Amino acid sequence: MPAELIKVTINGQEFETDKGARLIDVCREKGFAIPSFCYYADLALQASCRMCLVRIEKMPKLQTSCTITCTDGMIVTTESEEIEKAQRGMVEFLLANHPLDCPVCDRGGECELQEMVFDWGGLEERFTEKKNYAPEKFLSPIVANDPQRCILCKRCTRVCDEWMGEDAIEAGGRGSHTVIGTYGGWLNCSQCGNCIEVCPTGTLLDATYRHQTRPWELSRTISTCTFCSDGCQLSVGSRGGEVMRVVARDRYVNGLNGEFLCIKGRFAHPFVNHEERLRTPLIRYKKGGKLIPATWDEAIRYTAAKLRAVLDAHGGESVGVVGSPRLTNEANYALLKFAREVVGTNNYTATEAFSLVPFFENLGAPLATHKDIRHAKTILLIGGEPEELQPLTGRQIRQAVRNGGAKLVIINSVPIRLKHAASQFIQIRPGTEDAAVLALASKDDAGVAARKLNVEAGALEQVRQHLNDAQGDVIVMFGGELGAEAQSLLAQLSFTFGEKEGRRFLLHPLPLFNNSLGVHDLGLMGGALNPLEILDAAGAQLRAMYVAGSFLRTHLEGREDALSKLDFLVVQELFQTATTEHADVVFPAASFAEVDGTYTNNDGFVQRVRQSIPPIHQSKPDWMITAMLADALGTDFGFQMSSSAVFLELAKQIPAYEGLRYPLLKDESNPVQARHALVGQRDVSAQLVELRSLVEGIEETGETTTQTPPVGHELFKLGTLTSKVPQFHLLAAGNPEPESVLISPLYQITIDPALRDEAAVAGD
Amino acid sequence: MSIIGDVIESTKAIIKGMSVTFAKIPQQKWTVQYPEEPVTVQPRYRGMHLLHVDELGREKCVACYLCAAACPSDCIYIVAADDPRAPTERTGVDERYASVYNIDYGRCIFCGFCVEACPKDAITHGYNFELSVYNRADLLKTKDDLLITKQKQSLNYRVAFADEDVDSEYKEV
Ligand code: SF4
Ligand code: SF4
Ligand code: SF4
Ligand code: FES
C-alpha cells in the first residue's frame, strides 16, 4: 500500500514525504544534520536527550523532532540561534557530571558524545561543583561499566528489553543520581553485548577488549559470523595479525543484523589467535604413535601416497570424504570436487547435525529473510529454540511481536523463553514434533496427533484456523526435531492451505551452523551416507577417510572408536579434537578470519567472508589444502590459488548460485539470495501415509517439563571454539558473582575444573 | 701577463685572506670542544624522548595512543594493557598502561607533536642527542630506553638555565 504523500517545508525548502514519516528521519534524509543521542530507529521513543530540537511553526516551544510525525504543510526550522543555544545548553548539562577521561576510555575515538562535544560543546566548563563519583566496575565477565560517563539516553535498556526480551538492565535512582544498573548487581542475561554496541558513550564497555587498543588502530574487515546459521554481518578489528575485537557497529557495517550480535559472534573470537592452534602439518607415522610435525611438502606427499595405496587396493568407494557446515562454500566445494573427480566416490557427507535434504527437495515456498520475519503477521515455530541457537531470528521474532504486532504460535516440548511473546503456546510431549506437522498437514489426522502430542484437539484446530485466516506474511520455522516426512510436508504446507489473497507463506529452517545451508546447496549432504553411517562404515566398506573439520560430539557418541578402525585418516582442523586423535595426518587449517570465501545463511543469503589477518602459523585455507592434495594425486583443480576462482567454478556448477561472483556479493547491506528451486505442488501422499504410521507408532509416555530452561543453556556451552574464551568458562559454570565487582572476575575466580569439564561435555 | 705580475697578485690575495684569519684569532671562539666539553642545550631542546613517572614511580602514560595518532612519521608503537592490581602497586597511574612503548628513531623527526598531544604530560623531549648506532635496528627504542627512570643521560650536555642567553652566544660572530 503506497503511503500518501504530504508536503513539509524544512528551512524554507519544500519537500514531499510519506505521510506518517518521522520528522528527524525526513530532515536527515533531506540533508539537514540533526544531532541526537536517544533516538534509535526501530526502538521505542525515549525523547530524553533533547538534542534533536527544532522549531515548528504554530507550536509552542522547541519540539523534539524524534517524536514528531510529519503533517501536511508543516513548516520546520532546524538551524537558528535559538536552537543552537538550546543544544549547546544540553551538551553542557550532559557533561556536568562527566569525568572527561577520554584518554583511558575505551570508547574514545568512536564516541558519539566526543563527536557531539566537538560540534556543540563549549570550550570551558562553567560548573565548578564537585562531580558525582562512581568507580568503574564489572557487570558480568563480559560487560564493563563506568556509570559516570552515562548520558541516560537509555538505548541500552530499550535494546535489552525490545531486542533481547531480557530486561536485565534498567535505570535506577533519580535526577542527577540516576544510573544504569542491573537487578542484584550482577548481569545474569544472555550476555549479547548489544547494550555495549548501542551505547553512544563509554559507559558500557566490552570487558574482553578492555584497555587493549584504540579503535583507529584497528584495521576493519567486514565479514560474516562463523557460529550460527543467521549469518550476521560483523566487522573484525585486527591489529598486527591479531583479532582484537568484533563489532557490528553499523557505522562500518550495515548487514541484515544492524547493530545486533550475540555473545558468540561478538565475544567468541579469541580462538583465532589461540596458542593451541595447530602450527604445522602433523604426521603419525605409526598407528598408535605420536603426531610429529612435518613440512607441508612432506605431509602432502605422505598423504597422497597413502591415499593412492588405498585407492589402488580397494577402489574409490573405499574412501570417505567429509565436509563441514562450519567451512566456507569454497572449502566444501573443493572437497566435493575431490570426492567426485579425484577419488571417484559417492561416500561423502558433511558433519551436519541434521539433514534438510527432504525439505529442500519439496520446497514449495520461498525462504523467509530476517526482514520478512520482522514484518511478518503470523509466525509459527515448531520445535527449535531460536533464542539460544539462532539469536538473530529470536530477536526478529520478538520485535515482530512487540513492535509489529505479529501473532506468534509456538509448538514445543519445552516452555522456552520465547513463550512469553507467543499468543499461543502449545506444549507437546518430547519427540512428537512430527505429529504436530501431521495435524497441520491433514485435518483428518488431528485426533490421533492430538493424542500423541498430549494436547487438546481444539488447540491444533486453532492453529490451523490461525494459518487459514492469516493476512500478510506467514512464516513457518522449524528446528532439527522433524523427520524427513514431516520436513517434506512442511515444505509443502502452503499448498495444504491453498492460495489466498493477501497471504504469503514463507519458510525458515533453523539449522545450527554458519554454512549449514551451503553444504545442502552444494549437494554435500546428498551423498550416499550420512555422518552416522559413514562412521559405521569406517573399517568395513571404508578404508580411508578425508575429514575437514571434526565430527560432532553427537556423532561420535557410542562410536568413539569408529575412526580408529580406518587404515588411513586425514583431518584438517584448527585444533586437536576427538577426530584428530585418530588421524594419521593432520593439516593446520585457517580460520574464518584468515580466509576469503562465502557462507550461506538460513535466509539463503550468500554472504562474503573476508580475510582480515594472514593465516596463523603455517595454516592454509581448507580449499587450498584440498587442491594441493588433488594436485599430488594427479588432478589439477585449476584454482590458481584464489578463492574467487573456486567460487566462479562453484557458481557454474550449482544452479542456485548461478551467475554469482564475488563483486556481486560485495555490498553487505544488499545481500544476494541464492535461487533455491521451488518445486511447486508435489504429491506428498506417500509421505503422509509414512508420517501417519510413524506418528501412530509413537509411544504415549514422554514426560513434559514445566521448567523454562535457563538463559544460555545452549549459548554458553563450551565447544571447540568457545572453550578458547576464558569468559565462557565462567558463564558455563553458572556466571558466579565475584567478591568485588571492581576487578575483572577473571582475575578473581578460578573455575573448578570439574565444573568446566561437565560443561564441556555438554557442548559440541 | 708576466710571471712577476702573477706572483704579486697571489701574494696580495694571500695577505687579504690571512688578514681575515688573523683578525679573528683574538676574538671570542664559539666552537665547542665536544666531546671534551659538554654542549649547552636550550631548555626547549628536542632530544630523545622521556617517559615520565609520578611521585610513586608509576608510569604516567595511560596508553591513550594520542601521541601515536599525532605522530606524522608514524614511529610510535604502543600496546595497551590492563593492570588489575591495587592503585599503589600498579605499573602506571591508571589501570590502563602501555605494556609496550616503542619509538623508532630511524623515523622520528623530533617535531614534538607527540609531546603536544599527550593529555597526561607523560612524554616529553629529553636532551640526549647521541643517537647514532652501528646497527639500524638499534634505532628502535623501547620503554627500557625511554623511561626517565631508566634512560642513561649523556655527560656531554648541559641544559642552559631559563634566563641564560644561549642564542646570542652563538650569534655573536
Ligand atoms: S564516553 Fe566519550 S566523551 Fe566520555 S570519556 Fe569516554 S570517550 Fe570521552
Ligand atoms: S549506559 Fe550508554 S546506552 Fe545506556 S543510558 Fe547510559 S549512555 Fe545511554
Ligand atoms: S599521549 Fe601521553 S598518555 Fe597518551 S599514549 Fe602517548 S605518552 Fe601515553
Ligand atoms: S533524539 Fe530526540 S530527544 Fe533524544
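Everything quoted here is computed from the prediction, not taken from an experiment.

Student: Is there a simple way to explain the overall build of chain B in this structure?
Tutor: Counting its regular elements, chain B contains five helices and seven strands. In sequence order, chain B lays out its α and β elements as α-β-β-α-β-β-α-β-β-α-β-α. C-alpha atoms of chain B, sized along the principal axes, occupy 90 × 35 × 25 Å. The long-range fraction of contacts in chain B, counting pairs at least 24 apart against all pairs at least 6 apart in sequence, stands at 76%.

Student: Could you clarify how one ought to interpret the overall build of chain A in this entry?
Tutor: A tally of regular secondary structure across chain A gives 26 helices and 28 strands. For chain A, the C-alpha radius of gyration of 28 Å lies close to 27 Å, the compact-globule estimate for 764 residues. If one aligns the C-alpha atoms of chain A with their principal axes, the spans along those axes are about 90 × 65 × 50 Å. For chain A, contacts bridging at least 24 residues in sequence account for 70% of all contacts bridging at least 6.

Student: Looking at this model, I keep getting lost on the packing of helix α16 (residues 484-491) of chain A against helix α23 (residues 685-696) of chain A. Mind explaining?
Tutor: When two helices pack together, you describe them by how their axes are tilted relative to each other and by the distance separating the axes. Residue and element names in this part refer to chain A. The N-to-C vectors of α16 and α23 enclose an angle of 130°; their axes lie 9 Å apart at closest approach. For the element pair α16 / α23, the angle class is oblique. Seen from above, α16 lies across α23 with left-handed handedness. Residues E485, A486, S488 and L489 of α16 pack against Q687, L688, E690, L691 and L694 of α23. A per-class count over the contact of α16 with α23 returns five nonpolar, two polar and two charged.

Student: Looking at this model, I keep getting lost on the site of ligand 1. Mind explaining?
Tutor: In the vicinity of ligand 1, the residues found are H98(A), D101(A), C102(A), C105(A), R107(A), G108(A), C111(A), L113(A), Q114(A), R149(A), T201(A) and G202(A). Class assignment for the residues of the shell around ligand 1 results in four nonpolar, five polar and three charged.

Student: Quick question: what am I supposed to make of the sheet that holds strand β26 (residues 597-600) of chain A here?
Tutor: Across a sheet, strands are paired by hydrogen bonds formed along the backbone, either parallel or antiparallel in direction. Residues and elements named next belong to chain A. Reading across the sheet, the three strands line up as β26-β27-β28 and stay open at both edges, with antiparallel pairing between neighbours. Each edge of the sheet is formed by a strand with only one pairing partner; in this case those strands are β26 and β28 (672-673). For strand β27 (residues 605-609) and β28, the ladder comprises two bridges, and the chain directions are antiparallel. Residue pairing for β28: F605 is matched across the bridge by Q673.

Student: Sorry, what's going on with the site of ligand 3 here?
Tutor: Surveying the vicinity of ligand 3 reveals 14 residues, the closest of which are C61(B), C64(B), C67(B), C118(B) and I123(B). Looking at the residues close to ligand 3, they fall on chains A and B. Taken together, the residues that form the shell around ligand 3 break down as 13 nonpolar, no polar and one charged.

Student: Help me understand the interface of chain B and chain A in this model?
Tutor: Note: interface size is frequently given as the accessible area lost on complex formation between the parts. Taken together, the contacts link 14 residues of chain B with 13 residues of chain A. Those elements that provide at least two residues to the side of chain B that touches chain A are α2 (66-70) and β3 (76-82) of chain B. Of all the elements, β3(B) adds the most residues to the side of chain B that touches chain A, at three residues. The residue inventory of the side of chain B that touches chain A, partitioned by class, reads nine nonpolar, no polar and five charged.

Student: Quick question: what am I supposed to make of the environment of L278(A) here?
Tutor: Residues and elements named next belong to chain A. By the element assignment, L278 lies in the loop between α6 (263-267) and β14 (282-283). Separated by 92 residues in sequence, L278 and H370 have C-alpha atoms that sit 36 Å apart. If sequence neighbours within four positions are ignored, L278 has contacts with E573, L574, F575, V586, P588 and S619.

Student: Could you clarify how one ought to interpret the domain arrangement of chain A in this entry?
Tutor: For chain A, the domain assignment lists domain 1 (5-94), domain 2 (282-353 + 516-673), domain 3 (358-497) and domain 4 (722-762). Computed over C-alpha atoms, the centres of domain 2 of chain A and domain 4 of chain A are 33 Å apart.

Student: Would you explain the confidence of the model for chain B in this entry?
Tutor: When pLDDT is low, close inspection of the predicted coordinates is not appropriate. Mean pLDDT over chain B works out to 91, with 95% of the residues at or above the 70 mark. For this predicted complex, the interface confidence reaches an ipTM of 0.85, while the overall pTM sits at 0.91.

Student: Sorry if this is basic, but what is going on with the nonpolar core here?
Tutor: Taken as a class, soluble globular proteins show a tendency for nonpolar side chains to be buried jointly. Membership of the largest hydrophobic core comes to 225 residues, with the highest contact counts inside it found for V319(A), I379(A), A436(A), V437(A), A449(A), V476(A) and M545(A). With nine residues, helix α8 (residues 329-343) of chain A is the largest single contributor of residues to this core. Here V437(A) is in contact with I382(A), L482(A), A486(A), L489(A) and L490(A), once residues within four sequence places are set aside. In this structure, C105(A), A68(B), A80(B) and I123(B) belong to the second largest nonpolar core, which totals 26 residues.

Calculation notes
- Residues numbered from 1 in each chain as written.
- Chains lettered and ligands numbered in written order.
- Predicted model: local features only at pLDDT ≥ 70, side-chain atom pairs only at ≥ 80, totals over all residues.
- Helix = DSSP H or I, 4+ residues; strand = E, 2+ residues; numbered from the N terminus.
- Contact = placed C-beta atoms within 7 Å.
- Rg over C-alpha atoms; globule rule 2.2 N^0.38 Å.
- Axes fitted to C-alpha atoms, helices over the stretch in contact; angles between N-to-C directions.
- Parallel < 35°, antiparallel > 145°, perpendicular 65-115°, else oblique.
- Left-handed = near helix turned anticlockwise from the far one by under 90°.
- Nonpolar A, V, L, I, M, F, W, Y, C, P; charged D, E, K, R; others polar.
- Near = placed C-beta within 6 Å.
- Pairing = 2+ DSSP bridges.
- Domains from an automatic or database assignment.
- pLDDT = per-residue confidence, 0-100.
- Core = buried A, V, L, I, M, F, W, Y, C linked by C-beta atoms within 7 Å.
- Buried ≥ 20, exposed ≤ 12 C-beta atoms within 10 Å, placed from the backbone.

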